[in-house]
Amino acid sequence: MARELKRTELTNIVYGSSFYGGGGGGSSEEGLALIEAIYKEDPNASIQMIDILEMEKDPNIVSTMIAALGSPVATKGKTFQEEAVNAVKGMQEEARFKGKELRYVYSGEMGGGNTMLPLYAAWKCGLPIIDTDGNGRAVPELNTGLLPVHGIPTSPVILASEAGDTIVARTEDPMDCVACEKIARYMCQAFDQGIGFAAWMMNQEQHLQASALGQITLAIEVGDILRTTPTKDALKKLQSYFDQKKIPFKPIVEYGTIIDIKITSEGGFDTGITTIRTENDKLIKVIFQNENLFVETAEKTIVTVPSIISTLDLSDEKMAVPVSNSETFIGQKIALTETKANDRWYDLPECYNCWNEVMVSAGYRIVKPEVKFW
């Protein structure tokens, strides 16, 4: 049965998806700004969310993911409202061109900005959102994702600017997500390091095959815990929740201080290293390319993707706030956690191998990482 999402649920989604974003996916500041934009326009607004089984079974009735693509630092504070709506309209035209009808929107990745954005676009276009996510986490590139790994064509890709400029990218091989990534990143740089985009037009059968089902509900539940629990109790409450769900979760750092951040923003990416000093004076390094990719001590690597590596800001006693790498700063008091990603990330070797190039580019020393099976 369809669920009406109102301000409280949407706020929970922002914080829950920030947690699941694992350092990427935009900031909670952007997500909260999108909520304010909705309720400024309509104080009684709600967004309809449907379960995947409520989606029409007709293979020609389809959905599209919507997201913003670019450097989180370069675009911090930008909400991509017009870009998202223009991307939906562009994909609706592309669907008609292919003899299909686009009736649904879904989230392409978790993140404070990038999960709320498709909900905003769905509301603005009068379409329901599906309780699913294309990845169940944030990812740095189109080719580091569940959908291409599980055989869903990336092409066509719609790239849309704030002004209404719309570019349709069709690759010779619809499965060539690397070519789609190159085109999207080039256009991203042409539009000041940020652009709206739509991709992975999917019917119900394809969602059942590939996407992270029920992920919006998970974000609502985690966001509610974070939003309503005092900071000192947040890790304990999260541990209890994930234990109940039988989802592996553990703190990597319960309380630490960021003592250094090295970051470079170029090519639509923020790449860098965050160094954390723990309470017992150990140094932990988090290496990221938009998203947190792996964590090292002086002796070894202790966690890698696809696990979700989340940073929680502990500076406010009322709430532990999950933050992206665009929101961290030297001197910040934080916790660092590891959460098992959606089960779809563990059912094929390609789910790990798709990260190889990104990991090596970020400085990981082994091309084929030793994978931790939960």
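Heads up: these notes are all about the structure in this document. Quick caveat, the model's predicted, so the values are computed rather than measured.

### Section: the overall build of the protein
Scanning the protein for helices and strands turns up eleven helices and 17 strands. Here the C-alpha radius of gyration of the protein, 19 Å, is about what a compact globule of 374 residues would show, namely 21 Å.

### Let's talk about the pattern of salt bridges
Where charged atoms from two side chains of opposite charge approach closely, those side chains can pair. Considering all chains together, one arrives at 13 salt bridges under this definition. The shortest N-O distance in the salt bridge between lysine 124 and glutamate 41 comes to 2.7 Å. Here lysine 124 is found in helix 4 (residues 116-125), whereas its partner glutamate 41 is found in helix 2 (residues 28-41), with 83 residues between them in sequence. What makes lysine 124 partly exposed here is its relative accessible area of 37%. Its salt-bridge partner being arginine 103, residue glutamate 56 comes within 2.2 Å of it at the nearest N-O pair. Residue glutamate 56 is found in the loop between strand 2 (47-50) and strand 3 (61-70), and its partner arginine 103 is found in strand 4 (residues 101-107); the two are separated by 47 residues along the sequence. The partly exposed category is assigned to glutamate 56, whose relative accessible area is 33%.

### Looking at the side chain of serine 27
Following the sequence through the fold, serine 27 ends up in the loop between helix 1 (7-20) and helix 2. A relative accessible area of 0% means that serine 27 is categorised as buried. With residues up to four places along the chain from it excluded, the contact list for serine 27 reads Gly112, Gly113, Ser324, Ser326 and Glu327.

### Considerations on a nonpolar patch on the surface
A cluster of nonpolar side chains, contributed by Leu53, Leu208 and Leu213, occupies part of the molecular surface with about 260 Å² of accessible area. By secondary structure assignment, the location of leucine 213 is in strand 9 (residues 212-213).

### Quick look at the packing of aromatic side chains
For any pair of aromatic rings, the description consists of the separation of the ring centres together with the inter-plane angle of the planes. Within this structure, the stated rule accounts for nine aromatic pairs. Their ring planes at 45 degrees and their centres at 5.7 Å tell us that tryptophan 345 and tryptophan 355 sit as a pair that is tilted. With tryptophan 345 in the loop between strand 17 (333-339) and helix 10 (350-353) and tryptophan 355 in the loop between helix 10 and helix 11 (356-361), the pair connects residues that are ten residues apart, well separated along the chain. Each member of the pair, tryptophan 345 together with tryptophan 355, is buried. Its guanidinium or amino end placed over the ring of tyrosine 346, lysine 340 lies 5.1 Å from that ring's centre, counting from NZ or CZ.

### A word on the side chain of glutamate 338
Looking at where glutamate 338 falls in the secondary structure, it is placed in strand 17. Residue classification places glutamate 338 among the buried positions, given a relative accessible area of 1%. Within the local environment of glutamate 338, its side chain forms a polar contact with the side chain of serine 307, the two groups lying 3.2 Å apart.

### A closer look at the packing of helix 3 (residues 81-97) against helix 4
Where helix 3 meets helix 4, the closest approach of the two axes is 9 Å, and the angle between their N-to-C directions is 65 degrees. Here helix 3 runs over helix 4; the crossing is right-handed. Listed contacts from helix 4 to Gln81, Ala84, Val85 and Val88 of helix 3 are Leu117, Tyr120, Ala121, Lys124 and Cys125. Here the residues of the contact of helix 3 with helix 4 are counted per class, giving seven nonpolar, one polar and one charged.

### Considering the environment of methionine 116
Turning to its location among the elements, methionine 116 is positioned in helix 4. On the basis of relative accessibility, which here comes to 0%, the residue methionine 116 falls in the buried class. With 40 residues separating them in the primary sequence, methionine 116 and proline 156 have C-alpha atoms 23 Å apart. Among all residues touching methionine 116, those that are not within four sequence positions of it are Leu10, Val14, Gly31, Leu34, Ile35, Ile38, Ile47 and Gly111.

### Describing the sheet that holds strand 16 (residues 321-323)
Strand order in the open sheet formed by eight strands is 14-13-12-11-10-17-15-16, and the pairing between neighbours is antiparallel. Since the sheet does not close on itself, it has two edges, and those belong to strand 14 (301-304) and strand 16, each with one partner. Averaged over all neighbouring strand pairs, the angle between strand axes comes to 35 degrees, with direction disregarded. Relative to strand 14, strand 13 (residues 291-296) runs antiparallel, the two being bridged by three bridges. Opposite valine 295, over in strand 14, you have valine 303 as the bridge partner. Across the sheet, helix 9 (residues 234-245) is in contact with strand 10 (249-266), strand 15 (308-313) and strand 17; its angle to strand 10 comes to roughly 105 degrees.

Conventions and cut-offs
- Residues numbered from 1 in each chain as written.
- Predicted model: local features only at pLDDT ≥ 70, side-chain atom pairs only at ≥ 80, totals over all residues.
- Heavy atoms only, no water.
- Helix = DSSP H or I, 4+ residues; strand = E, 2+ residues; numbered from the N terminus.
- Rg over C-alpha atoms; globule rule 2.2 N^0.38 Å.
- Salt bridge = Lys/Arg side-chain N within 4 Å of Asp/Glu carboxyl O.
- Buried < 20%, exposed > 50% of the residue type's maximum accessible area, 1.4 Å probe, protein only.
- Contact = heavy atoms within 4.5 Å.
- Patch = residues over 30% accessible without salt bridge, like charges linked within 9 Å, V, L, I, M, F, W, Y side chains within 5 Å.
- Areas by Shrake-Rupley, 256 points an atom, 1.4 Å probe, with all protein chains shown as cover.
- Phe/Tyr/Trp six-rings, centres within 6.5 Å; stacked < 30°, edge-to-face > 60°.
- Lys NZ or Arg CZ within 6 Å of the ring centre and 35° of its normal.
- Polar contact = N/O pair within 3.5 Å; in protein donor to acceptor, adjacent residues only side chain to side chain.
- Axes fitted to C-alpha atoms, helices over the stretch in contact; angles between N-to-C directions.
- Left-handed = near helix turned anticlockwise from the far one by under 90°.
- Nonpolar A, V, L, I, M, F, W, Y, C, P; charged D, E, K, R; others polar.
- Pairing = 2+ DSSP bridges.

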